[in-house]
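Reading the structure
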Amino acid sequence: VKAAIIASGTHLNGEIHVGEISYPGGPDGVAPAAGLSASLEEHGIHLRRFKTGTPARVHRRSIDFSQLEEQKGDEKVVPFSFAAKEPPKNLVSCHIAYTNAETHRIILENLDKSPIYSGRIHAIGPRYCPSIEDKIVRFSDKPRHQCFVEPMGLDTEEMYLQGLSSSLPEDVQVEFYHTIPGLEHAQIMRTAYAIEYDCCDPLQLSATLEFRDWPGLYGAGQFNGSSGYEEAAAQGFVAGVNAARKVQGKEPFVLDRASSYIGTLIDDLITKGASDPYRMMTSRSEYRLVLRQDNADERLTPLGRELGLISDRRWEKFQRKQEQKQAELKRVQKTTLPPSQELNDILVSRGTSPLTTGAKLADLLKRPQITYKDLTPVDKDRPPYSTAVFEAVEIELKYEGYIKRQRADIEEARRLERKRLPQDVDYSAIQGLRLEAGEKLNKVKPENIGQAGRISGVSPADISVLLIWLAAQERQQREGADQ
């Protein structure tokens with residue numbers, strides 16, 4: 001068994017645009033992947049054309065930071081990884097600059113030189129990251145737009161002008177940058193540009209990111225119609241794991257919508273497709289109350305352990321944290337604090353009512369105004385657990401009712417996802433299904449009823465028809481087996 005992953009980013013048949021100049025290329029001067037698109041299409045893989053852009057990089061020493069607003073990092077840094085022994089420290093700041101009427105005038109007067117507005121770019125760009133040209137045209141009522149001046153790293157003089165992505169000619173870019181206070185003498189190290197590239201229609205993929213009709217071929221990253229960075233990295237991980245497991249003859253690895261934002265991202269791509277570069281946002285998940293950063297370890301560490309990615313030491317640390325969380329939940333649910341002047345002073349100072357009778361610690365922590373820190377003076381028997389344990393307990397208590405309701409929704413969704421659909425069915429032949437639903441189902445080929453219900457154009461009535469049809473199929477199979 002062999003497997004291959006296409007993770008071409010924006011290189012696939014890439015074309016760079018800077019003003020009226022266009023040439024084949026990948027990002028940052030790298031050569032494009034030429035020829036692969038034609039080969040994929042010859043094999044029946046449907047491709048589409050997307051576009052993205054990147055801002056200019058300017059030299060740090062050419063910026064007058066005294067005219068910019070400093071944006072310091074968080075004082076209390078929360079690491080991305082639960083394995084971090086010490087929180088990292090913010091060593092540099094970002095800054096904010098603002099465009100103005102003169103900036104906008106120069107851009108508007110040169111719109112005819114922008115390949116987007118001159119008609120030379122026909123590809124679809126990212127909805128949530130418009131170029132500065134787009135922002136000025138679409139939001140003409142805004143007198144200014146923000147630009148985040150971000151360091152590219154500790155060991156480089158390059159500064160990234162976030163919010164000023166553009167495909168205007170370099171001389172026009174220089175002219176409008178120099179109208180922005182603080183950037184009057186900015187020296188460009190890398191010009192902003194737009195790039196068109198080929199990507200696949202993700203409706204051709206399964207939840208493992210394997211092409212349904214081409215076993216062993218996987219797609220990852222921007223090739224699947226998403227935007228880059230986090231979305232691309234997440235897909236690279238899932239495609240890589242599944243390609244390796246296929247070669248090893250192991251079961252596929254699938255993350256569902258209720259387990260992670262990665263699962264939501266992939267499910268959206270393979271059931272809804274992508275009309276523009278897909279960006280993952282928390283609002284895309286119907287289960288975001290349980291997909292929190294504080295419980296990411298609880299949701300995903302056991303899966304990582306199954307994949308062999310979690311060391312014994314980290315697994316023991318994770319198990320200890322879970323044991324402490326459960327022990328603390330039991331403690332606060334059985335510990336009663338009697339009314340006292342000290343406790344009531346705390347409660348009143350936080351804007352909540354004082355006690356006349358004893359109250360469970362858990363009930364006090366359920367009050368929106370009260371935190372663990374507030375109760376420190378009167379909670380004498382608190383164990384010496386980590387802040388992460390107390391944070392997890394407090395969130396569970398404060399949102400207990402909502403979390404229970406969402407977990408019930410998740411169980412119902414998983415019940416529907418356990419109802420598998422055959423991959424060789426012709427949905428247009430199922431009586432009672434609307435024509436649109438049959439066409440969409442034939443295109444996506446959902447793996448289960450739950451996934452079918454998330455396809456755009458498939459209604460709850462269509463799902464009812466599918467459930468009746470599936471029950472009839474299962475009944476026929478049982479009767480056939482009995483004979």
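Each remark here, short or long, concerns the structure printed above.
Computed from a predicted model, the values in this text were never measured in an experiment.

Reading guide: rules and limits
Residues numbered from 1 in each chain as written. Predicted model: local features only at pLDDT ≥ 70, side-chain atom pairs only at ≥ 80, totals over all residues. Heavy atoms only, no water. 1 Å grid on protein atoms, 1.4 Å probe; cavity = no way out; pocket = protein on both sides within 12 Å on 5 of 7 lines; lining within 4 Å. Points joined across faces, edges and corners; volume = space filled by probe spheres on them. Nonpolar A, V, L, I, M, F, W, Y, C, P; charged D, E, K, R; others polar. Helix = DSSP H or I, 4+ residues; strand = E, 2+ residues; numbered from the N terminus. Pairing = 2+ DSSP bridges. Axes fitted to C-alpha atoms, helices over the stretch in contact; angles between N-to-C directions. Buried < 20%, exposed > 50% of the residue type's maximum accessible area, 1.4 Å probe, protein only. Expected span 1.5 Å × (residues − 1). Arc of directions from axis to C-beta. Contact = heavy atoms within 4.5 Å. Salt bridge = Lys/Arg side-chain N within 4 Å of Asp/Glu carboxyl O. Patch = residues over 30% accessible without salt bridge, like charges linked within 9 Å, V, L, I, M, F, W, Y side chains within 5 Å. Areas by Shrake-Rupley, 256 points an atom, 1.4 Å probe, with all protein chains shown as cover. Phe/Tyr/Trp six-rings, centres within 6.5 Å; stacked < 30°, edge-to-face > 60°. Lys NZ or Arg CZ within 6 Å of the ring centre and 35° of its normal. Disulfide = S-S within 2.5 Å. Parallel < 35°, antiparallel > 145°, perpendicular 65-115°, else oblique. Left-handed = near helix turned anticlockwise from the far one by under 90°.

**A short note on empty space enclosed by the protein**
Evaluated as defined, the whole model comprises 2 cavities of 30 Å³ or more. Roughly 40 Å³ of internal volume is contained in the largest cavity. Considering the residues around the largest cavity, the lining is formed by Asp256, Arg257, Ala258, Tyr287, Ile410, Ala413, Arg414, Glu417 and Arg454. Class assignment for the residues of the lining of the largest cavity results in 4 nonpolar, no polar and 5 charged. By volume, the second largest cavity amounts to about 30 Å³. Taken together, Asp294, Asn295, Asp297, Glu298, Lys321, Gln322, Lys325 and Ala392 form the lining of the second largest cavity. Secondary-structure elements contributing two or more residues to the lining of the second largest cavity are α8 (296–306) and α9 (312–334). The element that contributes the greatest number of residues to the lining of the second largest cavity is α9, accounting for 3 residues.

**Digging into the layout of surface pockets**
Take a probe with the size of a water molecule and roll it over the atoms, and the empty space left behind shows itself. Space inside the second largest pocket adds up to approximately 910 Å³. Lining the second largest pocket are 38 residues, and of these Thr52, Gly53, Thr54, Tyr160 and Tyr229 sit closest to its centre. Broken down by secondary-structure element, the contributors of at least two residues to the lining of the second largest pocket are β4 (47–54), β8 (146–151), β9 (158–162) and β11 (193–200). Along the lines of polarity and charge, the residues of the lining of the second largest pocket split into 17 nonpolar, 14 polar and 7 charged.

**Let's talk about the sheet that holds strand β5 (residues 57–59)**
Ordered by their spatial adjacency, 6 strands build an open sheet running β6-β7-β8-β9-β5-β10, and the pairing between neighbours is antiparallel. Every other strand in the sheet has two partners, leaving β6 (69–71) and β10 (188–190) as the edge strands with one partner each. If you compare each strand with its neighbour and ignore which way they point, the axes differ by 35 degrees on average. When β5 meets β9, the two strands line up antiparallel, connected through 3 bridges. The residue of β9 that forms the bridge with His59 is Glu158.

**Structural notes on the sheet that holds strand β2 (residues 15–18)**
With antiparallel pairing, the 4 strands of this open sheet are ordered in space as β3-β2-β11-β4. Bordering the open sheet on either side are β3 (21–24) and β4, each of which pairs with just one other strand. Across this sheet, the average inter-strand angle for adjacent strands is 25 degrees, counted without regard to direction. Where β2 and β11 come together, 3 bridges link them in antiparallel fashion. What sits directly across from Ile16, in β11, is Ile195.

**Quick notes on unusual backbone geometry**
Backbone geometry places Asn13, a non-glycine residue, at a positive phi of 55 degrees. Considering the arrangement of structural elements, one finds Asn13 in the loop between β1 (4–6) and β2. Overall, the relative accessible area of 36% leaves Asn13 in the partly exposed class. A positive phi is found at Lys445, a non-glycine position, where the angle reads about 55 degrees.

**Observations regarding helix α13 (residues 400–417)**
With 18 residues, α13 should reach 26 Å at 1.5 Å per residue; the first-to-last C-alpha distance of 25 Å fits that figure. Residues Ile403, Gln406, Ile410, Ala413, Leu416 and Glu417 constitute the buried set of α13. Each buried residue of α13 sits inside an arc of 135 degrees when the element is viewed along its axis, so together they form one side. Those residues of α13 that are exposed and aimed more than 90 degrees away from the buried face are Lys404 and Arg405. Of the surrounding secondary structure, the elements contacted by the buried residues of α13 are α12 (387–398) and α15 (449–453).

**Focus on the pattern of salt bridges**
Applying the stated rule across the entire model yields 40 salt bridges. A salt bridge links Asp268 to Arg257; its shortest N-O distance comes to 2.8 Å. Of this pair, Asp268 sits in helix α7 (residues 261–272) while Arg257 sits in the loop between α6 (230–248) and α7, and the two are 11 residues apart along the sequence. When its relative accessible area of 5% is taken as the criterion, Arg257 is described as buried. Through salt bridges with shared partners, a single ionic network connects Arg257, Asp267, Asp268, Lys272, Glu286, Glu417 and Arg454.

**A word on the pairing of β3**
Across 4 bridges, the pairing between β2 and β3 is antiparallel. What sits directly across from Ile16, in β3, is Tyr23. Taking the residues that link successive antiparallel strands as the turn, the β2-β3 hairpin has 2 residues, and the phi of Gly19 there is positive, at about 60 degrees.

**Notes on a nonpolar patch on the surface**
A cluster of nonpolar side chains, namely Leu91, Val92 and Leu154, defines an oily patch on the protein surface of about 310 Å² accessible area. Tracing the backbone through its elements, the reader meets Leu91 in the loop between β6 and β7 (94–98). Classification of Leu91 by relative accessible area gives exposed; the value is 63%.

**Section: the packing of aromatic side chains**
Applying the stated rule across the entire model yields 7 aromatic pairs. Cluster of aromatic residues (ring-pair linked, three or more members): Phe211, Trp214 and Phe223. Over the ring of Tyr98 we find Arg144, and its NZ or CZ is 3.7 Å from the ring centre. Over the ring of Phe390 we find Arg382; its NZ or CZ atom is 5.6 Å from the centre of that ring.

**As for the state of the cysteines**
Taken as a whole, this structure holds 0 disulfides when the rule is applied. Cysteine Cys94 remains unbridged, with the sulfur of Cys147 as its closest cysteine sulfur at 11 Å. The class of Cys94 is partly exposed, set by a relative accessible area of 27%.

**As for the packing of helix α2 (residues 101–109) against helix α5 (residues 170–177)**
Here α2 crosses α5 at 165 degrees, and the two axes come no closer than 9 Å. When the axes of α2 and α5 are compared, the pair comes out roughly antiparallel. Where α2 crosses over α5, the handedness of that crossing is right-handed. Of the residues in α5, those touching α2 at Thr103, Ile106 and Ile107 are Val172, Glu175 and Phe176. Split into classes, the residues belonging to the contact of α2 with α5 amount to 4 nonpolar, 1 polar and 1 charged.

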